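A structural walkthrough
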Amino acid sequence: MIPLFIDCDPGIDDAIALGYALCQEDVLITGVAASGGNVPTGQVVRNTLGWLALAGRADVPVHPGADLPLSGEAEYAEDTHGDTGTGYAVLPQGAAPDARDAARAWVEAARAHPGELVGVLLGPATNLALALEIEPRLPALIRRLFVMGGAFNYRGNTRPTTEWNISCDPEAAARVFAAFGRADSLPVIGPLEATEAVVMTPARLDAILGDGTGHNAAGNAVREPGPRDDRWQHWLGQLAAALRFYFEFHESDGHGYLAHIHDPYVLAAAIGWARADAAGRGTADDSPDRGADGIIPWAETARVAIDVELHGTLTRGETVADWLGRWNRTPNAEVIRRIDAGGFLEHLQTVLMRGPTS
């Protein structure tokens, strides 16, 4: 079993990532940190518990995150994910959250699975930064950290040059990158310019729902059976309602009636990497597109020194990569540069159609 700790802020693409994780029979979800980001923390906790209850997985512990970023100033994205962060979906009331807060939960999960835990950060880095204050050895205890965040030499989706997760709490992101950049296995960063290639369309969603004809990555019509489990079919129905809001937002933002789903890819890459690493299929190749810590599935990557701008009047929260080596710093991250989006989306479609296997 792959022990996995997920820090997220559902959010619609976060919900897809949670669903993907629930479908992996060899993954032990040790806990989910519910971070304020897309909507305030209290609502994120309710959303996370609701998505898990809908899937029949109230056993997964959910840990409330910090109420505010390290700076004490919060902003949210109701225009992107809806007033509740679930679009048009209606979720059941879930179980009570775990008594341990998210920062403490990060630490306890890492201590319980030293050198084995895979951490996946899909929201602001606040909780993980606070966890480092409790346990500075955290980067040595976690097998590898995967992060959805940042925009390197690319336009932002929050301010002109900033990506949402980093922009929510730049100080926390800077602390996490600095600490984990000294780990034996560099953190893997999935930035906006790569993850925006992962696009959900109405046709693919129809295929996942199993209502008839969908289209594969090559644009060819395909017919697929729907999920066998009624509970999972209902879960997918609510996901479709959430995605309908997400489609509308992206259309209003000029992208067309579709949705960029950033988070599922980063989570799936973390699980895929962990499987390959455990099986000894990693590589020590140090070429620019392949890191020394093993192959990241569906991706081309580069190892580079990165940092976060904290003081710029126009660029606060911007992630900066020193592609030319001007800082003379050792690389502290493996950044995903390109994604085989078609290949990953076919995989995601197959997994979501199948649903949980136990």
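Below: a short report on this structure. (Residues numbered from 1 in each chain as written. Predicted model: local features only at pLDDT ≥ 70, side-chain atom pairs only at ≥ 80, totals over all residues. Heavy atoms only, no water.)

Describing the nonpolar core
If you look at the biggest cluster of nonpolar residues, it comprises 72 residues, and the most contacted ones within it are Ile6, Leu122, Leu243, Ile261, Tyr265, Leu267 and Leu348. Top element by residues in this core is helix α11 (residues 230-252). It accounts for 11 residues. Beyond its immediate chain neighbours, meaning those up to four positions away, leucine 267 contacts Leu4, Ile6, Ala17, Tyr20, Ala21, Val120 and Leu122. Trp106, Ala131, Leu138 and Ala173 belong to the second-largest nonpolar core, a separate cluster that totals 37 residues. (Core = buried A, V, L, I, M, F, W, Y, C linked by side-chain atoms within 4.5 Å. Buried < 20%, exposed > 50% of the residue type's maximum accessible area, 1.4 Å probe, protein only. Helix = DSSP H or I, 4+ residues; strand = E, 2+ residues; numbered from the N terminus. Contact = heavy atoms within 4.5 Å.)

Let's talk about the packing of aromatic side chains
A full pass over the atoms with the stated rule returns nine aromatic pairs. Ring geometry for phenylalanine 247 against tyrosine 257: centres 5.2 Å apart, planes inclined by 50°, an arrangement best described as tilted. Here phenylalanine 247, found in helix α11, pairs with tyrosine 257, found in the loop between α11 and β10 (259-260); they are 10 residues apart in sequence, far enough to count as distant. Phenylalanine 247 sits in the buried class, given a relative accessible area of 3%. Three or more aromatic residues joined by ring pairs form one cluster here, namely Trp51, Trp232 and Trp235. Sitting above the plane of the tryptophan 323 ring, arginine 337 keeps its charged end 3.9 Å from the centroid. (Phe/Tyr/Trp six-rings, centres within 6.5 Å; stacked < 30°, edge-to-face > 60°. Lys NZ or Arg CZ within 6 Å of the ring centre and 35° of its normal.)

Some remarks on the sheet that holds strand β4 (residues 118-121)
Within a beta sheet, neighbouring strands are joined by backbone hydrogen bonds and run either parallel or antiparallel to one another. Judged by pairing direction, the sheet is mixed, and its eight strands sit side by side in the order β3-β2-β1-β4-β5-β6-β14-β11 without closing on themselves. This sheet does not close on itself; its edge strands, each paired only once, are β3 (62-64) and β11 (299-304). Strand-to-strand twist of the sheet, defined as the mean angle between neighbouring strand axes without regard to direction, takes the value 20°. Looking at chain direction, strand β1 (residues 2-8) and strand β2 (residues 27-34) are connected through seven bridges and run parallel. Across the sheet, leucine 4 pairs through a bridge with isoleucine 29, a residue of β2. Contacts from helix α12 (residues 262-278) reach β1, β2, β4, β5 (144-148), β6 (188-190), β11 and β14 (333-339), with the element oriented near 160° to β5. (Pairing = 2+ DSSP bridges. Axes fitted to C-alpha atoms, helices over the stretch in contact; angles between N-to-C directions.)

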